[in-house]
Amino acid sequence: LEMFTQRVTNFSRQAYGHARRHFSSSEKVPGNIPLEIGLGIGMGMVGGFLLRGFLNKETESWQSKRITGTKASSGAKAPSSSDKEAMAKFNSWVEAQRAASPADPKDTPDFKYIQFTEMPPFTSSHKSLMSKVLTPSLWAKYKDLKTSKSYSFSNAIQCGVLKPHLGVGFTAGDEECFELFKDMIYPIVQGWHKFDPYTQTHQSDLNPLNLKFTREQQLKFDQYVVSTRVRAARNVSGFALPPGANPAERAGVENVLTQAFNMFSGELSGKYYPLGSMSKEDEDFLQSNGFLFQKPGPAQLLGVAGAARHWPDNRGIFHNNNRTALAWCNEEDHCRIISMQSGGDVWTVFARFCKISDTIKKSAEQNGAKLMYSDRLGFLGTCPSNLGTGLRASVMIKVPHLNKDPKALEEVCDAFDLQPRGSSGEHSEAVGGKWDISNKQRIGFSEVQLVQKMIDGVTKLITIEEMLANNPGMTPIQALQKVK
């Protein structure tokens, strides 16, 4: 952005210079030339600065949505002078810790893990659950521990220490972390999911026949729903997770997944695109369809947790020929699977999702492995925010009347354990009245139960939308009271 603005300024200056050279001092300059030059310079520079400001705003908004566990907030208070001073002191502490850290076997030329020698002196800017849960006694208990794959406690908390804005602030580097660092992870899960792994167990149900979605509901959904999507992560036991993986493990994961993709048949048949050897044509195609994922930036969870090392080796994207099934290899987790299609046929989308998950499970078993799964935590993954089912079932739905009052829409959705997202993520307005509505919970309910919650809740949402259309003057909350 700075380069772009500089180029605009330089171009304006060059134009002015050329004009001066063209009209020598002995020649009579047409009266409108200085005015045109002045306008050109002024408009060029102002346009550059305005565009820079717009792009900065858009980039910050995009980054805030991609960072796991964070929300964009337009009402955030500017840091006080004391906050800035505390953060500067903290950053100095971080740099001292970085400089003194011994080499980590997982280090790369462009990424270094930090081995903290003392409990981080968190500031008021640190918002993560990790920073709230970590106590001196827990630090003393875990500071010198590491898993058999050499993923240390310092590795696990590094993202939350270096990036205060993260919501969770903890990453697992392998399956062993969930037992070794249990007394750190379980309270984080409690705080994030309102689920107690010490006393509760998770349940899984990937049988689409257990889902209740009537023909009448589907017809109603097709009137309002633009598209439907179900996604979740799957990880292969025996391999380190992306923040802790070495090149051999990353390649092993890719091998298991490509075997699974080759097992896909019928409507799931498709093509795998390795990120490192992708043609420009394939890249443009995937980008235009919104399938391509990029290298995480330094401000993002994955970038600061070490999950972007050796990029783009052994990363890739699969999609079926119908473009209704998508899988990402070695991004935040070993595999992110997505089932999607236009319209409101939730049952078909969920059934396809279950088939993808089952095929990946079979491929892992054929390689003498299994999927990471815990009776207490469900499917395991890099971030504690995506444990349990890790499932997000969503519809993009047009509700123009509810769209008139986004705050009321949030309250209506909350009554049915749903989460609305506008055009710029959570707590934002929706362009064209189209909202992304999904299940709120991830753990403590089975996959079928969560998709059923979404179906039942969206059915009520459509009923409320129709009540508002047929009863001018009725408020969303009044309509909610009638359908609850």
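Residues numbered from 1 in each chain as written. Predicted model: local features only at pLDDT ≥ 70, side-chain atom pairs only at ≥ 80, totals over all residues. Heavy atoms only, no water.

Trainee: So what about the pattern of salt bridges? Which residues, and what values?
Mentor: All chains considered together, the criterion is met by 15 salt bridges. Where E466 meets K220, a salt bridge forms, and the shortest distance between an N and an O atom there is 3.0 Å. Of this pair, E466 sits in helix α15 (residues 447–470) while K220 sits in helix α9 (residues 215–224); the two residues are 246 residues apart in sequence, bridging distant segments of the chain. We classify K220 as partly exposed; its relative accessible area is 30%. (Salt bridge = Lys/Arg side-chain N within 4 Å of Asp/Glu carboxyl O. Helix = DSSP H or I, 4+ residues; strand = E, 2+ residues; numbered from the N terminus. Buried < 20%, exposed > 50% of the residue type's maximum accessible area, 1.4 Å probe, protein only.)

Trainee: Go over the nonpolar core with me, naming the residues and quoting the values.
Mentor: Counting residues in hydrophobic clusters, the biggest one holds 63 residues, and the most contacted among them are F350, L391, I397, I437, V458 and I464. Examining the composition of this core, we find that 11 residues originate from one element, α15, more than from any other. For I437, the residues in contact, after removing those within four places along its chain, are A393, S394, V395, I397, C413, L418, Q419, P420, M454, V458 and L461. (Core = buried A, V, L, I, M, F, W, Y, C linked by side-chain atoms within 4.5 Å. Contact = heavy atoms within 4.5 Å.)

Trainee: Hey, could you go over the environment of Y272 for me, with residue numbers and the actual values?
Mentor: Assignment of secondary structure puts Y272 in strand β2 (residues 270–274). Look at Y272 and you get buried, because its relative accessible area is 17%. Taking the C-alpha atoms as reference points, Y272 and I317, separated by 45 residues in sequence, lie 5.7 Å from one another. The residues contacting Y272, other than those within four sequence positions of it, are E254, T258, F261, R315, G316, I317, F318 and C329. A distance of 2.8 Å separates polar atoms of two side chains, one belonging to Y272 and the other to E254. A distance of 3.3 Å separates the side chain of Y272 from the backbone nitrogen of G316, its partner in a polar contact. (Polar contact = N/O pair within 3.5 Å; in protein donor to acceptor, adjacent residues only side chain to side chain.)

Trainee: Before we move on, could you go through helix α8 (residues 182–193) and cite the residues and values that matter?
Mentor: Taking 1.5 Å as the rise per residue, α8 with 12 residues should run 16 Å; its terminal C-alpha atoms sit 16 Å apart, in good agreement. Buried within α8 we find M184, I185, Y186, I188, V189 and H193. For α8, the elements touching its buried residues are α4 (129–133), α5 (136–142), α6 (153–162) and α7 (177–180). After α8 finishes, the residue K194 shows a positive phi value of roughly 60°. (Expected span 1.5 Å × (residues − 1).)

Trainee: Tell me about helix α3 (residues 81–100), and please be specific about residues and values.
Mentor: In this model α3 runs 29 Å from its N-terminal to its C-terminal C-alpha over 20 residues, within 8% of the 28 Å that 1.5 Å per residue would give. Regarding α3, the residues found buried are M87, F90, W93, V94 and Q97. All buried residues of α3 lie within an arc of 120° about the axis, which places them on one face of the element. In α3, the exposed positions that point more than 90 degrees away from the buried face belong to S81, K84, E85, K89, A99 and A100. Residues of α3 that are buried sit in contact with α6. (Arc of directions from axis to C-beta.)

Trainee: Pulling in residues and values, what's your account of the packing of aromatic side chains?
Mentor: Taken as a whole, this structure holds 18 aromatic pairs when the rule is applied. Each ring, one from F111 and one from Y113, has its centre 4.9 Å from the other, and the planes form 80°; the classification is edge-to-face. Just as F111 is buried, Y113 falls in that class too. Ring plane angle 85° and centroid distance 5.4 Å describe the contact between Y142 and F181, whose orientation is recorded as edge-to-face. Linking Y142 in helix α5 with F181 in the loop between α7 and α8, this pair joins segments that are 39 residues apart in sequence. (Phe/Tyr/Trp six-rings, centres within 6.5 Å; stacked < 30°, edge-to-face > 60°.)

Trainee: Report on the packing of α9 against α15, specifying residues and quantitative values.
Mentor: Contact pair α9 / α15: the axes reach a minimum separation of 11 Å and the direction vectors enclose 60°. Classified by the angle between their axes, α9 and α15 sit oblique to one another. Of the two elements, α9 crosses α15, and the hand of that crossing is left-handed. Where α9 abuts α15, its residues Q217, K220, F221 and Y224 lie against I455, D456, V458, T459, I462, E465 and E466. For the contact of α9 with α15, the residue count by class is 5 nonpolar, 2 polar and 4 charged. (Axes fitted to C-alpha atoms, helices over the stretch in contact; angles between N-to-C directions. Parallel < 35°, antiparallel > 145°, perpendicular 65-115°, else oblique. Left-handed = near helix turned anticlockwise from the far one by under 90°. Nonpolar A, V, L, I, M, F, W, Y, C, P; charged D, E, K, R; others polar.)

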